[in-house]
Number of protein chains: 2
Amino acid sequence: MSNNIDEMYMRQAIHLAKQGEYGAKPNPMVGCVIVANQQIVGEGCHLQYGQAHAEIHALQQAKELAKGATLYVTLEPCAHTGKTGPCVNAVIQAGIKHVVIAAGDPNPQVNGKGVQLLQEAGILVTQGVLTQEAKALNPGFYSRFQRSRPYVRAKLGMSFDGKIAMKTGESQWITSTDARADVQKWRARSCAIVTTAATVIQDDCRLTVRDIPGAKQPLRILFDTQLKTPQSSQIFSQAGKTVVAVSCTKHTSQAISAWQNKVQGEVECIALSEENEHVDFNALLAWLTEKTVNEVMIEAGAQFVGALLEKGLIDELLVYVAPKLLGNNSISMAHLPSIHQLNENIQGKYLSIDKIGTDARFRIAISDFARRHHDHS
Amino acid sequence: MSNNIDEMYMRQAIHLAKQGEYGAKPNPMVGCVIVANQQIVGEGCHLQYGQAHAEIHALQQAKELAKGATLYVTLEPCAHTGKTGPCVNAVIQAGIKHVVIAAGDPNPQVNGKGVQLLQEAGILVTQGVLTQEAKALNPGFYSRFQRSRPYVRAKLGMSFDGKIAMKTGESQWITSTDARADVQKWRARSCAIVTTAATVIQDDCRLTVRDIPGAKQPLRILFDTQLKTPQSSQIFSQAGKTVVAVSCTKHTSQAISAWQNKVQGEVECIALSEENEHVDFNALLAWLTEKTVNEVMIEAGAQFVGALLEKGLIDELLVYVAPKLLGNNSISMAHLPSIHQLNENIQGKYLSIDKIGTDARFRIAISDFARRHHDHS
């Protein structure tokens, strides 16, 4: 019974955490609830990067009522000074008696130290309440620390028979305006959006976040081994920064600089190693990890998505499926030439299935990491 | 407010009607609730073909309490003598004061006559409560009377990228055992299952209903223009009857008889007109309508399903989608060679999206009839 009550308050903390979906990155989303005499006396979340953490907001609201109270928090309180001071100190000073934690902080500067400091101060610490749900808030944050790479989500819009475009390349629009508006939310929570020269040449897409109040533009990454994207492409002139990932063997640094200087807008070229005639995606993931990128969203075609699937580099497919058929002459969602037998299939697990306007939206975990992260569902 | 109460009781009547899902065919599923002094005093449904209708069961339960009561029924009470006497008479004799009807009976022997007789007996009749929901119980029954053809549902099991088999034909099993168990329920509610010689030769499928207590075997229809199905195929030796639809121009009646005589089990060959080298599906639908077939389920390959889709003969797709990818070398769910531009797509509407075990199950309305029938969703 006490366990159910803990889960109830933790669920509220998780609910609060989601308010930081667009602002907290690259910090994790965190929510906090303070309970005294079976009443919530303080609530908080980490709303904006660089600003106060969830615990601080909740303590400020609880004021004197925090004395002797129980604090529920979705992530182990921090023990280090980053943009703000350590939350552990604030919790101790406020006189909190019991701290309930959903999930540990994978950051080596915290990882267990937060719990240790609380316990040393005589605070009772309970761990493991709704752990999977809390971790699922921040797959990219965990991925960055635990696997030294971002969480990779590939977004697709397709027909019910799995086609993302006609043979001619025509693909605007298979899905509904509601589905396309929903994509904006996933762009907004991503730290970076990755696309390819082929996609930009085909669609002249902008890949910006629109109509999400308060959202910052994620980094746009353009995979362009041969630097063939026209410098007049819309993607370069949008608000925010575009990084062009170029093959380091195909071009001299002078040629790259010369190309870059001809583009208007905030553009940076990075030269990365090559693999099978393409920029090495693993090299890009390493670069993105250095830039504290948690979640990456891929918006590209069947060739690129297929290649990443075959390499096991996609954690999650985010797929909008329209209730229409485009027929077997059209282009299938993933180019996977190496599958010849049924048992060679790429196996996933549905994380969620929702109706978005007239379309369906699927989230499918592909990698082991993604499946483990969502095992509660 | 009174309207909400009517809907509440009618919802219960619809709930009861579903108990007849496997037994009532080719009669419609019908449910009935009798309410006196804000209490349900009688409930019934049409459980089994040839046995009592829903109204009779409910009246028997209500006994004297039916006097002055309100009767809720999902379908206009019958005014004719079929396997049982007219329900209208029983309702009048029981002293019911008010009858609330969800949907009219499309059978020309009833259509409006039931309402008329009730009104002539001084009973208040309310129509149009949850009409769409009630009609959606019996799409085949309405289709048979309103369009002179059965309701056609095509069942598919496929991968998330829309593939129903490998290039080699390998397709067992893309979907999970849970999904395959669910298929049994849809077979059981169908009056007939249609397949093709190609599918039987490939899979040696039985197409019987298994593990559904009390279900009768639906008629199995085998589309075999050229009579090339091996007579040893399992489909012929199962419980229930198999009808082989043969081209009337390709074989003499003697040849057809000779072929039929070599098959063990209950098999009937019917010779139908031909269209583009195939048995004419419209001719089969006409034959099925004569046999009072309401719902037909197609279990066949991409060529057959594609051809019917292009002719507008499929009302609903019932699709089980496994969270796996088979790649673009595999066979797409529908062979639709005539689609070259996005605006030539075949448009549907999701009727329902459900999780079945590890798979997803979609019901998609394709024809106008199916979309109209489910407009409440």
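Residues numbered from 1 in each chain as written. Chains lettered and ligands numbered in written order. Predicted model: local features only at pLDDT ≥ 70, side-chain atom pairs only at ≥ 80, totals over all residues. Heavy atoms only, no water.

- The name given to chain A in an unreviewed UniProt entry is Riboflavin biosynthesis protein RibD, and the organism recorded there is Candidatus Berkiella aquae.
- Quoted verbatim from the Function (unreviewed entry) field of the UniProt record, the comment on chain A reads "Converts 2,5-diamino-6-(ribosylamino)-4(3h)-pyrimidinone 5'-phosphate into 5-amino-6-(ribosylamino)-2,4(1h,3h)-pyrimidinedione 5'-phosphate." (UniProt positions renumbered as here; feature names shortened; annotations may be inferred.)

1. Description of the domain arrangement of chain A
All names here are of chain A.
Then, number 1: According to the domain assignment, chain A consists of domain 1 (2-137) and domain 2 (141-366).
Then, number 2: Distance from the C-alpha centre of domain 1 to the C-alpha centre of domain 2: 34 Å.
Then, number 3: Every contact between the two is made by 19 residues of domain 1 and, on the other side, 16 residues of domain 2.
Then, number 4: Summed over both partners, the interface of domain 1 with domain 2 buries about 1400 Å², with 58% contributed by carbon and sulfur atoms.
Then, number 5: Here domain 1 is connected to domain 2 by one salt bridge. (Domains from an automatic or database assignment. Contact = heavy atoms within 4.5 Å. Buried area = accessible area lost by both parts, 1.4 Å probe. Salt bridge = Lys/Arg side-chain N within 4 Å of Asp/Glu carboxyl O.)

2. A short note on the relation of the copies chain B and chain A
Then, number 1: Note on the identical chains: chain B maps onto chain A by a rotation of 180° and an axial translation of 0.1 Å, with an RMSD of 0.0 Å. Taken together, the rotation angle and the small translation identify this as a two-fold axis. Taking C-alpha positions as the reference, the residue of chain B nearest the rotation axis is B:Gly162, at 2.3 Å.
Then, number 2: Most of the interface of chain B is mirrored in chain A, where 100% of its interface residues again form contacts. (Least-squares fit on C-alpha atoms with pLDDT ≥ 70 in both.)

3. A few points about the confidence of the model for chain A
Any segment with low pLDDT has predicted coordinates that should not be analysed in fine detail.
Then, number 1: Per-residue confidence for chain A gives a mean pLDDT of 94, with 99% of residues at or over 70.
Then, number 2: For this predicted complex, the interface confidence reaches an ipTM of 0.90, while the overall pTM sits at 0.93. (pLDDT = per-residue confidence, 0-100.)

4. Overview of the interface of chain B and chain A
Then, number 1: On the side of chain A, 46 residues touch chain B, which itself brings 46 residues to the contact.
Then, number 2: Note on chain B versus chain A: buried area summed over both sides is about 3700 Å², and carbon and sulfur give 66% of it.
Then, number 3: Looking at the side of chain B that touches chain A, the elements with two or more residues in it are strand S15 (316-322), strand S16 (324-325), strand S18 (346-347), strand S19 (349-356) and strand S20 (359-365) of chain B.
Then, number 4: Along the lines of polarity and charge, the residues of the side of chain B that touches chain A split into 25 nonpolar, 14 polar and seven charged.
Then, number 5: One ladder, built from two bridges, connects strand S16 (residues 324-325) of chain A with S18(B); its direction is antiparallel. (Helix = DSSP H or I, 4+ residues; strand = E, 2+ residues; numbered from the N terminus. Nonpolar A, V, L, I, M, F, W, Y, C, P; charged D, E, K, R; others polar. Pairing = 2+ DSSP bridges.)

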